[in-house]
Each structure stands twice: as C-alpha cells, then as structure tokens.
Amino acid sequence: MAEVESSVEFSSSLTSSTLPPPRTRIFKIIVIGDSGVGKTCLTYRFCAGKFPEKTEATIGVDFRERLVEIDGEKIKIQLWDTAGQERFRKSMVQHYYRNVHAVVFVYDVTSAASFRSLPAWIEECKQHALGTEVPRILVGNKCDLQDSIQVGTDVAQQFADAHSMPLFETSAKNPTNQGDGSYGRGNSDHVEAIFMTVAHKLKSQKPLVLSQPPGGPGGPGGTVTLGRARDDGGDGARSWGCSSC
Amino acid sequence: MTKPKRRKNNAGVRVNGNGPSVTREPDSWKKQKLAEIHQALNSDPVDIETLRRAAASKGGLLIDELRRKVWPKLLNVNVYDLPHKPGRDVRENHKDYNQVLLDVRRSMKRFPKGMPATERAVLQEQLIDIILEVLKHSPQLHYYQGYHDVAVTLLLLVGERRAIAMLHTLSNHHLRDFMDPTMDSTKHILNYLMPIIEQVDTELHDFMIRAEVGTIFALSWLITWYGHVLSEFRHTLRLYDFFLASHPLMPIYLAAAIVLHREKEVKRTECDMAMVHHLLSRIPQDLPYELLIGRSQALFDQYPPSLLAKRAALQSHKSLSISTFQSFQLSTLHQRPDSVLQRLTKARGSSASRHDHRHPGLEAALSRDRGLLLGQGNRMVKMAVWGLSATLGAAVFAVAQTAMDWGPEMLFQLF
Ligand SMILES: Nc1nc2c(ncn2[C@@H]2O[C@H](COP(=O)(O)OP(=O)(O)O)[C@@H](O)[C@H]2O)c(=O)[nH]1
Ligand SMILES: [Mg+2]
C-alpha cells in the first residue's frame, strides 16, 4: 500500500545515491489549485508511480522529483506541491513561485467549486509575475468518478481556450482504464503523459538557464524514457500561449 | 501511590510516552518523578511550577495516565466542569466546515495503526465536532490546515470533552497567532528561526541564507507542534508535555535546535533552495528528543524572545500568543486539586447547573467514583449506547470498549 509519509515527504527515489550526470537540467513545475482536488496524489503518482492510499493535508509546500529522459537528455522534473487552503497562499507559498518554469492548475471534475476557483488561482499566478513566457496547463482530476462529474469537458475546454491553456482530464487514482484508449476529449489523459508533455514543451523552448552543477546530490531512481510523448498542438485546442496571464 | 496500570492493548493503542527503557539503573528517577508529580497534583493549590518543570525535564510526564491529569492543569482546565458534547447543529453553517471535513477525513495516519476502521471513523467524527465547536465558540479564531493535527493529539489522549476545553484554551493562547485570518503572524513567528540559528552557528546561518531556503520547511512543525510530521505518537506526546509547559515560541526554539543538530548534513547539501528545503523538511524519526528539548530550553534561556525581538525584522509585529502568555501563566496558579474539584462538583449536585446534558442520568453516574466506574465499565458503556441512535451505536460501542483499555478518563470523555 502506497502512502505519502507526510506533507514534507519526498519521492523516496531522491534518497538513492546514484549521482546524475553533470549539468542535469531541472524543470521546476508548481502545482496549484483548491484543497482536495488531488495535487498531492497527482504529483505522487508521477514521481512514485502509484496512487497514495493515504494523503494528508499539505502544509506549506512540499516537493517531489523524478529523473526522466527526453530525446536522450536526462532531465530532473521537480514538482512543487502546494497547500490549497487560501490562508497559506498569500504569505507562505509565494517564496516558492520563484524561478518556476511551468504552472499546473488543478481542479476536481466532481467539484464545481474547485473549477470556480480557477480564476483566483490564475490571478494569483499573475501576481507572482508568472506571465507570458511560462507554460501553463489545466488539469481536471478524478475522472474515475464518472457518476459524480460536475464539470463537463466542454465547459472546461472553453475555459482553457479562453486562457490559452491546454486542458487535460485525468485521474490520479486510475489513470489508465478509462475511455477508449485514445486521449481525445472526453477521455482521460495519463498523468504520466501530462507531465511529460509539459517537460517536452519546456525542452523545446530555448535552453533554460537553470541547471544543476556537476556532482549535485541525489538521483531519482526511476528513469523514464519517452520519445515524443504526443503532439501537443494537433487539434488547435491545446495551445500554449499565455497572453492572458 | 498509584502504580501505573498496565493494560492489554488489543487495538494496538499504545499511547504512552515510555520509550523502551534501558534498565540498568532501574528507573529510580522515574519513580521519584512520578511521586513528585502526584504530590504536585494533590497540593492545594496545585503546584503548577513543579508540574511545568516535570513536563519539560527528562522523560516529560512519563505516562499517559499522568498526562491526562497534568495537561488540563497546565491549561487551567477544570475537568469537573467541562463543556458539553457538541450537538448536531455544530456542523451547520460553518465557513470552515468543508475544509475541516476534508482534512480530518484524510488524516488516517494520526490514528493508532491497529485501530479498526469503525472506531477510527467515530473518532474522526468527534474530531470534526470538537474542532467546529471550538471555532464556533470563538469567532475570532480561523481554522488552518494542521489545526486538526493538534486537535487529534488531544482527542486521542484525553477524549472528547476534555479535548474541547483544552483546545479552546490552547487556541486562544499558544496557537492564537496561527489562527488569525491571515498567516502574517505565523510568518512573523517563523522569522525568529534564523536569528536563533545565527546566534549559535553563523556559518550555518549564512549557508541557509545563501540557499534562500526560507523557513517554510518548519511551518508544519510550528503550527502542529510537530504532530503532523512525527510518526510515533509517543514522541508527539513527549513534545506536547514540553510545549504545554513552555512559552508559545518554544516550538521555534526546538526547530532551531533540530536544524543546528543537523548542521553537518545541511552544510554537505548542495546550496540550493530545493535541496535544503527537502533535507530539512524531512524530519528524521530517530531524533534524540530529550537532548533536543534540553537544548531548546537552553537556547531559550540564552537568547530569549525579547532579545531576538530587538532585531529589526522582529520588532514591529504584535503577537497575541506572546502578549497574553504572562497573564495566562498567572491564571494557572490558583487551581484546586482534582479531589477538591470533584467534591465541589458533587456538592453542587443535581442542580445540574452547567451539566444540563442530554443524558442526565449518565452524567450523574459518570461523576461518581472512578474505581466504581472501572468495575462497572461494561454496564456503563451499554447504558451510554442505549442513549444513542441505533446506527451509530455499534461503532460507538467499539470505541468505548477500546476506551476501557485506554483508561477510565477516556471513557469519561466519550459520553
Ligand atoms: N477518486 C479519486 N480520488 C482522488 C483522486 N485524486 C485524489 N483523490 C482523493 O482526493 C483527496 C484529496 O487528495 P489530495 O491529493 O490530498 O488533494 P490536495 O489537497 O489537492 O493535495 C484524497 O482523499 C484522495 O484520495 C482521483 O483521481 N480519483
Ligand atoms: Mg496536498
């Protein structure tokens, strides 16, 4: 049974002692959204490969990371998991918005309230000067709860379009066996593919300045190799422009 | 002198604070300490200074039976004049209801490992109620994620009604700053951390400043009194002994002591925010708690808050926890021992002033002698269950059975 040890727990892989090759690039991605939408589960799913049976309230910020390989380059994806309760955002989390390469907004498809909070989160992101050049995506989580869906794909897609973000619907709990196996609208996207898509996007951007100096500590155990994850501009809906943020 | 009772623990609920003791010196200091604590409890007025010293010094209050008696005294709570169990309406129209529900429902790890799910579920519902009850009573208090970690510690040790009374006092004093509408005051308290470290180890301080690690790694330590990050409940209880007897800023001094204790590890880490945050936020479970408690006490004496506050960053802010601490401590000086309080309560008798309870018969029975209660435990439990709805009854019964293993005080609090 997988469980998140505590809010300050880290993907266990970091403690393994293998050193990454010199100059491993780090992609720092912040994950935000209302309390309970599944941010901790999504980040855990990506970094540890499983759904945590027990999560706890995230107090402050927490981060997990994983080493992946994209087109032959090893890249460290660092996910910053944040507290959802409003009081933590204002004075606490702001420190961690610095040097963020991408933002993942999460809502819960079974909670209309979590969807209604999105404009506030987008505003928040804007206040931290995460603007035009920072890729952002929108993730609707808990797609496995088919019977209690409150936020339809159409509404979410409209919102995503209006804010020039690609939309993904997924389930941290059960990311594989929904839909017909394709990842089109109305079906669920694989958590893995979502974060890898962001990583691809970041990699395809002009070289990032942030890099890890040679001999830095820690090397996540699980290395994943993914060629081209998927075409992210195919249907035109999944745009990356950030003009409104 | 009452000998600490050993109880069978079928539910795996071993909440006492006794570590595996090394029995070369056959714990004579413990016996002596137990005697001192009992004596302090029986003095009239209660010898609160001795209790505080005992709670902070080696081993803390040693056993849960004593914690149940001493913790209320440290908070000036009269266990014979407790608030009622919350009614159903406590959940109605509370702005924090959803957040509390969410946080409590997923806080499974705080409950003893072997506890059956039905029992845990009942305690979780109680936890929601006590939190909302306290919040409702004091509208100036705002729920924060982590508050439930404090509440659960109290609930597991002393049961529902005592937990309400104690949580109420704690929230208006030690935890008060965390319960403002914003976290600004909390941030202010976190700002004490780096200056303490600087006093002791400038090099470490400078390293952390260069890494820009910030202080959020210690946030959950501070606002949950480490309840959120410790996996062994006995460690949490030991720290609560210490904090209940100490200045509200003491958790920050302990945070400094922990960071200083890990100085070598920290300096060996890459000087980078993420790496240092990761290292520090992950608290080693085998910390030498007694040593660190001693050190934080020493740090506090050597660099008291007033001295640190002279530093620019700490000047302006007004902390309610700190400013009300002295009067709070004074208020604890005139408590009567439990034997007297019990007699006084009985004398007020069936006029049922404050104890206008939904189960008046039970209430009267419960204030009878504890020995009697223990002897008739099962009958008491059944009586209580009869008063409850059929659906909840079975689960409550299970909890009550466990409570009998925990101790009579726990049962007192259940109904
Ligand atoms: N059914 C279902 N439940 C989920 C999913 N993701 C998270 N949860 C549950 O939602 C609750 C909150 O998840 P958590 O990750 O702690 O949310 P956070 O506050 O955003 O970090 C937990 O009880 C999870 O088990 C999902 O994809 N499907
Ligand atoms: Mg979380």
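As the structure is a computational prediction, the values presented were derived from the model and not from experiment.

*Asks:* Please provide a residue-by-residue account of the site of ligand 1, values included.
*Replies:* Around ligand 1 sit 18 residues in total, of which A:Gly36, A:Lys39, A:Thr40, A:Asp144 and B:Arg106 are the nearest. Neighbouring residues of ligand 1 are not confined to one chain but are distributed across chains A and B. The separation between an oxygen atom of ligand 1 and a polar side-chain atom of A:Thr55 is 2.9 Å. Its free accessible area being 580 Å², ligand 1 has 88% of it covered by the protein chains. The dominant element in the shell around ligand 1, judged by the number of residues it contributes, is helix α1 (residues 39-48) of chain A, at 3 residues. Across the shell around ligand 1, the residue classes break down as 5 nonpolar, 7 polar and 6 charged.

*Asks:* Kindly report on the UniProt feature "domain: Rab-GAP TBC" (unreviewed entry) in chain B, identifying the contributing residues and their values.
*Replies:* With numbering aligned to this structure, UniProt lists the feature "domain: Rab-GAP TBC" (unreviewed entry) at residues 61-247 of chain B. Annotation note: span residues 61-247 of chain B, helix share 58%, strand share 0%, distance between end C-alpha atoms 17 Å.

*Asks:* Which residues make up the pattern of salt bridges, and what are the values?
*Replies:* Following the criterion strictly, the structure yields 33 salt bridges over all chains and no others. For A:Arg64, the salt bridge is made with A:Asp62, and the minimal N-O distance between the two is 3.1 Å. The pair formed by A:Arg64 and A:Asp62 is uniform in burial state, with each residue classed as buried. In this structure, the salt-bridge partner of B:Asp103 is B:Arg106, at a minimum N-O distance of 2.9 Å. The class of B:Asp103 is buried, set by a relative accessible area of 0%. Accessibility expressed as a relative area gives 17% for B:Arg106, which makes it buried.

*Asks:* Can you tell me about the packing of aromatic side chains, naming the residues and giving the values?
*Replies:* Counting across every chain of the model gives 16 aromatic pairs over all chains. Both rings, one in B:Phe242 and one in B:Phe243, keep their centres 5.4 Å apart while their planes meet at 35 degrees; by these two values the pair is tilted. Each member of the pair, B:Phe242 as well as B:Phe243, is classed as buried. Connected via pairs of aromatic rings, a cluster forms that spans B:Trp71, B:Phe217, B:Trp221, B:Trp225, B:Tyr226, B:Tyr240, B:Phe242 and B:Phe243. Over the ring of A:Trp80 we find A:Lys28, and its NZ or CZ is 4.9 Å from the ring centre.

Parameters and conventions
Residues numbered from 1 in each chain as written. Chains lettered and ligands numbered in written order. Predicted model: local features only at pLDDT ≥ 70, side-chain atom pairs only at ≥ 80, totals over all residues. Heavy atoms only, no water. Near = heavy atom within 4 Å. Polar contact = N/O pair within 3.5 Å; in protein donor to acceptor, adjacent residues only side chain to side chain. Areas by Shrake-Rupley, 256 points an atom, 1.4 Å probe, with all protein chains shown as cover. Helix = DSSP H or I, 4+ residues; strand = E, 2+ residues; numbered from the N terminus. Nonpolar A, V, L, I, M, F, W, Y, C, P; charged D, E, K, R; others polar. UniProt positions renumbered as here; feature names shortened; annotations may be inferred. Salt bridge = Lys/Arg side-chain N within 4 Å of Asp/Glu carboxyl O. Buried < 20%, exposed > 50% of the residue type's maximum accessible area, 1.4 Å probe, protein only. Phe/Tyr/Trp six-rings, centres within 6.5 Å; stacked < 30°, edge-to-face > 60°. Lys NZ or Arg CZ within 6 Å of the ring centre and 35° of its normal.

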